[in-house]
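Chain and residue survey
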Amino acid sequence: MRLRNVWNALRNRNILLRQTIDIDIDAITMSGLESNSSKVEEGFLFVAISGYKHDGHDFIEDAVNRGAAAVIGEKDEAEIKGLQEGVPYIQAANSREALALAASRFYERPDRKRTIIGITGTNGKTTTSFLLRDILEQAGISCSLFGTIANFLNGEERKAANTTPDALQLNRMMAESNDEVIILEVSSHAIEQYRVEGIQFDIALFTNLSKEHLDYHGSMEEYFSVKRKLFNQLKPDGKAIIFTDTDWGKRLVQELGDEGIPAVSAGRGEENDFWLKNIQADEEPVFTLRHDENDYMVSLPIPGIHNVYNAALAFAAAKELIADSSTIASGLEGFKGVPGRFEMLRHPCGARFIIDYAHTADAVQYCLSTARRLGAKRIIHVFGFRGNRDTGKRGTMVASSAKYSDQLILTFDDLNGIDPAEMEAELHTLNNQESGGKGIVICDRTSAIKHAWDHAREGDWIFITGKGPETYKTPFFMPADSDKAALQLLNKEHDSIKPAKTADSY
Ligand SMILES: CC(=O)N[C@H]1[C@@H](OP(=O)(O)OP(=O)(O)OC[C@H]2O[C@@H](n3ccc(=O)[nH]c3=O)[C@H](O)[C@@H]2O)O[C@H](CO)[C@@H](O)[C@@H]1O[C@H](C)C(=O)N[C@@H](C)C(=O)N[C@H](CCC(=O)O)C(=O)O
Ligand SMILES: Nc1ncnc2c1ncn2[C@@H]1O[C@H](COP(=O)(O)OP(=O)(O)OP(=O)(O)O)[C@@H](O)[C@H]1O
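Residue numbering note: each chain is counted from 1, following its sequence as written. Following the order in which they are written, the chains are lettered starting with A and the ligands numbered starting with 1. Residues qualify for local features only when their pLDDT is at least 70, as the model is predicted, and side-chain atom pairs are given and counted only at 80 or more; totals for whole chains, interfaces and linings, by contrast, use all residues. To obtain the side-chain values, all non-hydrogen atoms of the structure were used and water was disregarded.

**Let's talk about the overall build of the protein chain**
Definition in use: The helix and strand labels rest on DSSP assignments: H or I over at least four residues marks a helix, E over at least two residues marks a strand, and numbering proceeds from the N terminus. When we talk radius of gyration, it's over C-alpha atoms, and the globule rule is simply 2.2 Å times the number of residues to the 0.38. Burial here depends on accessible area, computed with a 1.4 Å probe over protein chains only, as a share of the maximum for the residue type. Under 20% is buried, over 50% is exposed, and the range in between is partly exposed. For this analysis, residues touch if any pair of their heavy atoms sits within 4.5 Å. The accessible surface values rely on the Shrake-Rupley method and a 1.4 Å probe; as for residues, cover is taken only from the protein chains in view.
On a plain count of helices and strands, the protein chain comes out with 16 helices and 22 strands. For the protein chain, the C-alpha radius of gyration of 25 Å lies close to 23 Å, the compact-globule estimate for 506 residues. Viewed in the frame of its principal axes, the protein chain has a C-alpha envelope of about 75 × 60 × 40 Å. Residues classed as buried in the protein chain amount to 58% of the 506 residues present. The long-range fraction of contacts in the protein chain, counting pairs at least 24 apart against all pairs at least 6 apart in sequence, stands at 66%. If you sum the accessible surface of the protein chain, you get close to 20800 Å²; carbon and sulfur atoms cover 45% of it.

In structure tokens form, the structure reads like this:
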């Protein structure tokens, strides 16, 4: 592709500052695009990103030595080392934005060739995207799905490093996809970091908003305003579909309406386009959705009122693509679930163990209150906190757990570089301040799980939350690399595992 095409894309968006080496860019073609210097090959355009850990401008020399034909950066040329004659340096106002626009152009606007569905919100993105994919696929519509669990395209599964891939990988995968629909989980980090910039969506969904990532966004208002940007990236005939049971959802519908952006609402009030009513929140919930004066009865094979909300949203989105509502309802009935989201295993005594990815106070409340509603005799909650992330939400998570559980066991999650002693001290402080005397601390995660296992009684619902299906980053006492593997090991070798370190001995 001619470099001129990318240059035009940047100029059209007014982010071009200047082209500092005077060269005829029409003469330059680019054979590839990269933001990581170590992957640059002969003839590539290299985009230097000022990152959180590294400054890509420091790697321009490396990129040029590997054959870069041109470089885009955001710093002034006077600050750049390693540029060579014949290699133009194009200065943009923002490199991440430039990368996204360049990628979209280089891969020939893949968003225009497929139906693109973006899902944002604090909780429920993954579950809603899986629900929607199951509905569409059961109706014979092929889907790619890019999200936290993995990236799925053309029937293959690829590992995902982020909830939303970076702009380069995203546009590349969209171009590679032969599927009719692409479902994309859109995190607030992704929007802030321009990973979805330049993409226009056919449908954009909003699940909810609750306290999360405030270390990154500063305030709820700011967090909302970032999420909201997604809804300004709809195609001219695109649709916003909003779940309205949070004030943030109601506000979004109102604000989009004021801007003339068509929004379809789903929620428990009669005023919604998809009115969710008659909810029987059993282990397999049943509910009715009223739309266009018709009632559709749906049953869902996963528990939790939060999953009913997710299903209502998926139903509303599917309705944009599938006319026959009974096909949508049967897609939901056949839902296969999501790894590590309300995933249930049984203890030999009959107690239930649930592995769940809850990592907000809101999610904890939804999970534990589901168990209470379904008649749990005791609720035990095993969880911890990812190191180096949003420390502000921890107190409310413990308080929420204490409110809905009978006992909580605070343990290690992924330490993410934090000193174990520091995390241990934090767990004790949170336990003393927020658990209402219901908590203990067992730092080793597998020992905490074993403690719960050993003390399980018939009628207990025991939640292990925070990691879902993720593998452990550090080894724990038991030879298991995930919560599920630990439970499976306990189930298999119940008697041969030695007593674990307890709170007192740790
Ligand atoms: C803090 C953060 O958000 N970092 C994200 C950011 O990294 P970065 O671009 O700043 O990376 P960096 O390491 O500083 O490098 C800067 C540049 O130097 C380049 N470089 C570096 C070394 C070298 O030798 N040569 C070279 O060219 C790099 O390729 C890069 O272009 O941009 C990358 C590409 O988009 C992301 O993968 C990365 O996510 C990290 C891994 C991360 O953990 N992010 C979390 C916070 C996140 O984004 N989470 C959300 C989900 C949140 C949720 O809802 O739970 C997500 O979407 O995953
Ligand atoms: N609609 C909802 N409202 C509140 N909590 C929810 C909702 N849906 C799911 N949850 C809770 O949030 C957890 C994460 O769900 P899910 O993975 O679907 O959300 P997500 O938005 O994709 O999160 P992440 O981006 O962190 O992966 C679930 O395990 C559940 O505890």
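That shown, we press on.
**So, the UniProt feature "modified residue: N6-carboxylysine" (unreviewed entry) in the protein chain**
To be explicit about the condition: UniProt positions are given in the numbering used here, feature names are shortened, and annotations may be inferred rather than shown by experiment.
According to UniProt, the positions carrying the feature "modified residue: N6-carboxylysine" (unreviewed entry) are Lys227. Following the sequence through the fold, Lys227 ends up in helix 8 (residues 220–228). For Lys227, a relative accessible area of 1% puts it in the buried group. Setting aside residues no more than four positions away along its own chain, Lys227 makes contact with Thr120, Gly121, Thr122, Lys125, Val186, Ser187, Ser188, Ile191 and Leu209.

**Structural notes on the environment of Gly124**
Looking at the secondary structure, you find Gly124 in the loop between strand 6 (115–120) and helix 4 (125–138). Separated by 239 residues in sequence, Gly124 and Ala363 have C-alpha atoms that sit 9.1 Å apart. Gly124 has contacts with Thr207 and Asn310, leaving out every residue within four places of it along the chain.

**A word on the sheet that holds strand 11 (residues 201–206)**
Applied cut-off: A strand pair is defined by DSSP finding two or more bridges across the two strands. Structural elements are reduced to axes, namely lines fitted to C-alpha atoms, with helices fitted over the stretch in contact, and the angle between N-to-C directions of any two is expressed from 0 to 180 degrees.
The 11 strands lie next to each other as 9-8-7-10-6-11-12-13-14-15-16, forming an open sheet whose pairing is mixed. Strands with a single pairing partner mark the edges of an open sheet, and in this sheet they are strand 9 (156–158) and strand 16 (294–299). Across this sheet, the average inter-strand angle for adjacent strands is 20 degrees, counted without regard to direction. Bridging between strand 7 (residues 143–146) and strand 8 (residues 151–153) involves two bridges; their strand directions are antiparallel. Counterpart to Phe146 in the pairing with strand 8 is Asn151. The strands that helix 9 (residues 247–258) touches are strand 11, strand 12 (234–243) and strand 13 (263–267); relative to strand 12, the one it contacts most, it runs at about 150 degrees.

**Comments concerning the domain arrangement of the protein chain**
Rules: Domain start and stop positions are those given by an automatic or database domain assignment. Note on terms: buried area is the combined drop in 1.4 Å-probe accessible area of two parts once they are placed together, counting the loss on both. Only one rule defines a salt bridge in this text: a Lys or Arg side-chain nitrogen within 4 Å of an Asp or Glu carboxyl oxygen. In protein, a polar contact requires one atom able to donate a hydrogen and another able to accept it; more generally it is a pair of N or O atoms within 3.5 Å, and residues adjacent in sequence count only if both atoms are side-chain atoms.
Domain boundaries in the protein chain define domain 1 (3–106), domain 2 (110–333) and domain 3 (343–496). Averaged C-alpha coordinates put domain 2 and domain 3 at centres separated by 28 Å. Contact residues are listed per partner, giving 18 residues for domain 2 and 19 residues for domain 3. Looking at the side of domain 2 facing domain 3, the largest losses of area belong to Lys211, Glu212 and Glu283, adding up to 32% of the total buried there. Between the two partners, domain 2 and domain 3, sit one salt bridge. Among the ionic pairs, Glu283 bridges to Arg352, the shortest N-O distance being 3.1 Å. Where domain 2 meets domain 3, there are two residue pairs in polar contact (both at pLDDT 80 or more). Listed by contribution, the elements that provide at least two residues to the side of domain 2 that touches domain 3 are helix 7 (214–217) and helix 10 (305–319).

**Observations concerning helix 12 (residues 361–373)**
The following threshold applies: To estimate the expected span of a helix, subtract one from its residue number and multiply by 1.5 Å.
Its 13 residues place the ends of helix 12 18 Å apart at the C-alpha level, agreeing with the 18 Å of an ideal helix rising 1.5 Å per residue. Among all positions of helix 12, only Ala361, Ala363, Val364, Cys367, Leu368, Ser369, Thr370 and Ala371 are buried. Here the buried face of helix 12 lies against helix 10, strand 18 (352–356), strand 19 (378–383), helix 13 (394–404) and strand 22 (460–465). Directly after helix 12, the chain includes Gly375, whose backbone phi takes a positive value near 90 degrees.

**Digging into the site of ligand 1**
The test is simple: One heavy atom within 4 Å of a molecule or strand is enough for the residue carrying it to be called near that molecule or strand. All amino acids are sorted into three groups, where Ala, Val, Leu, Ile, Met, Phe, Trp, Tyr, Cys and Pro are nonpolar, Asp, Glu, Lys and Arg are charged, and the leftover types, Gly among them, are polar.
Taken together, 23 residues lie near ligand 1, and Tyr52, Lys53, Asn162, Thr163 and Ser187 sit nearest. For ligand 1, an oxygen atom lies 2.8 Å from a polar atom in the backbone of His54. Between ligand 1 and Arg195, the relevant distance is 2.9 Å, taken from an oxygen atom to a side-chain nitrogen or oxygen of the residue. Here ligand 1, which alone exposes 1100 Å², has 73% of that area covered by the protein. Taken together, the residues of the shell around ligand 1 break down into four nonpolar, 13 polar and six charged. Both domains that furnish three or more residues to the shell around ligand 1 are identified here as domain 1 (3–106) and domain 2 (110–333).

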